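A look at the structure
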Amino acid sequence: GGSYPQKNAEILSSQYGINLFLAGLLLTFAWAVHAVGISKSHLLSYLITLMLIQLLWMLWYLCRSCTQRRLIRDKDTHAGARWLKCGITLFAVITLIMDSFKIGYYIDFSNCLSPTEGIFPVTHAVHTILQVYFLWCHAKDVIQSFKTLERFGVIHSVFTNLLLWTNGVLAESKHQLNEHKERLITLGFGNITIVLDDHAPQCNCTTTTLCSIFSQGIYYLYPFNIEYHILASTMLYVLWKNVGRKVEHHQQNKTRFKFHGITVGMIFGLIVLTSTIAIVVVYLIQIGGSKIKSELALTMFYLHAIFVLALMCTAGIVALLIYRLEDRSLDNSKNPARKLDAELLVGTAAGSWLLSWGSILAIICAQAHPKYTWYNLPYSVLVIIEKYIQNLFIIESIHREQEKVNDDIKTLRIVTISRGSTLSLTPLYKEIYNGRATRDTGEVPCLFKGSICGRDNDGAGVAKEETSQDNTSVMHSASDFSFYSRNSVTNNKRRILKNIAAFLFLCNLSLWIPPAFGCRPEYDNGLEEIVFGFEPWIIVVNLAMPFSIFYRMHSAASLFEVNCKT
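Thresholds, definitions, all that
- Residues numbered from 1 in each chain as written.
- Predicted model: local features only at pLDDT ≥ 70, side-chain atom pairs only at ≥ 80, totals over all residues.
- Heavy atoms only, no water.
- Patch = residues over 30% accessible without salt bridge, like charges linked within 9 Å, V, L, I, M, F, W, Y side chains within 5 Å.
- Areas by Shrake-Rupley, 256 points an atom, 1.4 Å probe, with all protein chains shown as cover.
- Salt bridge = Lys/Arg side-chain N within 4 Å of Asp/Glu carboxyl O.
- Helix = DSSP H or I, 4+ residues; strand = E, 2+ residues; numbered from the N terminus.
- Buried < 20%, exposed > 50% of the residue type's maximum accessible area, 1.4 Å probe, protein only.
- Contact = heavy atoms within 4.5 Å.
- Core = buried A, V, L, I, M, F, W, Y, C linked by side-chain atoms within 4.5 Å.
- Domains from an automatic or database assignment.
- Axes fitted to C-alpha atoms, helices over the stretch in contact; angles between N-to-C directions.
- Parallel < 35°, antiparallel > 145°, perpendicular 65-115°, else oblique.
- Left-handed = near helix turned anticlockwise from the far one by under 90°.
- Nonpolar A, V, L, I, M, F, W, Y, C, P; charged D, E, K, R; others polar.
- pLDDT = per-residue confidence, 0-100.
- Expected span 1.5 Å × (residues − 1).
- Bend = angle between axes of the 7 residues up to and from the residue.

A contiguous nonpolar surface patch, about 400 Å² in accessible area, is contributed by Val264, Ile267, Phe268 and Ile271. With respect to the element layout, Val264 can be found in helix H7 (residues 263–286).

On to the environment of Ile538. With respect to the secondary-structure elements, Ile538 resides in helix H15 (residues 534–565). On the basis of relative accessible area, Ile538 is assigned to the buried category, the value being 4%. Taking the C-alpha atoms as reference points, Ile538 and Tyr523, separated by 15 residues in sequence, lie 7.4 Å from one another. In this view, Ile538 contacts Leu177, His180, Tyr523 and Glu529; residues no more than four positions away in its chain are not counted.

Within the largest apolar cluster, 125 residues are counted, with the highest numbers of intra-cluster contacts made by Phe134, Met312, Tyr379, Phe393 and Leu504. When residues of this core are assigned to domains, at least three map to each of domain 1 (1–192 + 201–246) and domain 2 (260–401 + 488–565). Residues contacting Met312, with those up to four places away along its chain left out, are Glu386, Gln390, Phe503, Leu504, Cys507, Asn508, Leu511 and Arg552.

What follows concerns the side chain of Gln54. Structurally, the position occupied by Gln54 is in helix H2 (residues 40–67). Apart from residues lying up to four places away in sequence, Gln54 is in contact with His127, Gln131, His156, Ser157, Thr160, Asn161 and Leu236.

The next point concerns the packing of helix H6 (residues 208–241) against helix H9 (residues 336–365). At their nearest, the axes of H6 and H9 sit 9 Å apart, and the two run at 135° to each other. When the axis of H6 is compared with that of H9, the two are oblique. The chirality of how H6 crosses H9 is right-handed. Across from Thr234, Tyr237, Val238 and Lys241 in H6, the residues of H9 making contact are Pro336, Ala337, Leu340 and Leu344. Class assignment of the residues belonging to the contact of H6 with H9 gives a composition of six nonpolar, one polar and one charged.

Let us now look at the confidence of the model for the chain. On average, residues of the chain score 78 in pLDDT, and 74% of them reach the 70 mark or higher. Contacts of residues 462–467 to residues separated by more than four positions or lying in other chains number five contacts, the stretch itself having pLDDT below 50.

Looking now at H9. Given a rise of 1.5 Å per residue, 30 residues ought to cover 44 Å, and the 43 Å separating the end C-alpha atoms of H9 matches this to within 8%. If you look at H9, its biggest bend is around 30°, right at Gly351.

Direction vectors running N to C along H7 and helix H8 (residues 291–325) enclose 165°, while the axes themselves pass 9 Å from each other. Viewed along their axes, H7 and H8 adopt a mutual orientation that is roughly antiparallel. The interaxial crossing formed by H7 with H8 has left-handed handedness. Residue-level inspection shows Val272, Ser275, Thr276, Ile279, Val282, Tyr283 and Gln286 of H7 in contact with H8, the latter providing Lys293, Ser294, Ala297, Leu298, Met300, Phe301, His304 and Val308. Of the residues that constitute the contact of H7 with H8, the class distribution is nine nonpolar, five polar and one charged.

Dropping the structure here:
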């Protein structure tokens, strides 16, 4: 009976958030297509209002938490990991730099820009600072008071960040599309109608050099702003799912990242990262220069991506084979953060799968095939297979139970000297575990059958001990060797998995860089645009690309967690 109104509150708050998001999404779309009567100031006014409401809620929550700081609160130990907080802080700092660029841009064009374009970056900067502080302090909270009100406050924050993410994606996509159209003009595509979507101010800048720095710098910083808002929305969503939740109180093993034992994976991963950065630089320089240079840039990109994706597929398959050889149970306990991670991996992978299937269909249906387009076929197939394998590896890794090491379950070796001989007395594993390592009877338990146990006080016990000492030491050594060999095999498997996770982590960071910074062969290939049409294919790319970009960053974050847990 008590959960019924709370379930209603969850449904009502989710519906409120969805309607909030749809209204903002429609407003964003109307501005993007230059709808009559809709200007950028209307969109920014809506976003400013949402941010101010969230700021008021966060201040109220922080003040209430300060007054109740002595109370013991439930915490979700799986939510808001420290490395995740550090990542969102880094993105937030770069977002603040972007906001400062926007303020400078507004000052230079203040004669012809709406006041909302100056108010928005200031409000956004304050919103960013307070939100990061809020997530650092309260991302793990399990709210048990004012639950209905808090549900609405948290879900409002979730969809506010999603709308800010959408706004950033749209602004960055329009900039990328304009650059793509300019490249098509350079390459002489006369059969495609090209109209630049220009939202530039209709006045002169007071200082031309600064305006150029601000306008170009903003678009290079947008990828970090986009990742910041999507990470914030996921952390807030977990907080919303934890409202009113009953938490199982059990001790969680702390996981820390260590460089020890992952040298091989880090070296290969850094090689991939370095080569990817070089490929992106060359691609951006060559593409659009001439037809030959553009084709060479596309060929170079595809060959490098095919090689990296093939390595990632191989590493993922090896990791899954190791898991098949291990016998470890899965953790099926309720965990909103882990469930969201798995759903985001599969959901966002659909974006790049859509692009890959579109490219495969275009290659099959196209009448003419330039040489470089054939490299797109294995590239698209490998993108589908690699994400399929990687999702299996990550989802199984985050669901596997960690190895529990109890301080009581350790080999205790007591060395005694008796009559010039060394006796190794080791308590039995199960008896240590059950707390029965020592008994009132005075007997000392043993770890292995046949090993030396306690000595009787009479002479018969001493004689018996002397006659059985040789056989016992042999059996003891054999048992020790078996124990340590099993432990060595386990450590080797663990080391391989950690190296694979480290390698895939750096590979996903590497594959995040090209689309995030304008290296998008889906735009420049040209074959898909001929088959599907320019505008339909561009719409597909603009819808799917943000999910594909987010997938790489989210996979990198998940693989970092896998490395810490392994």
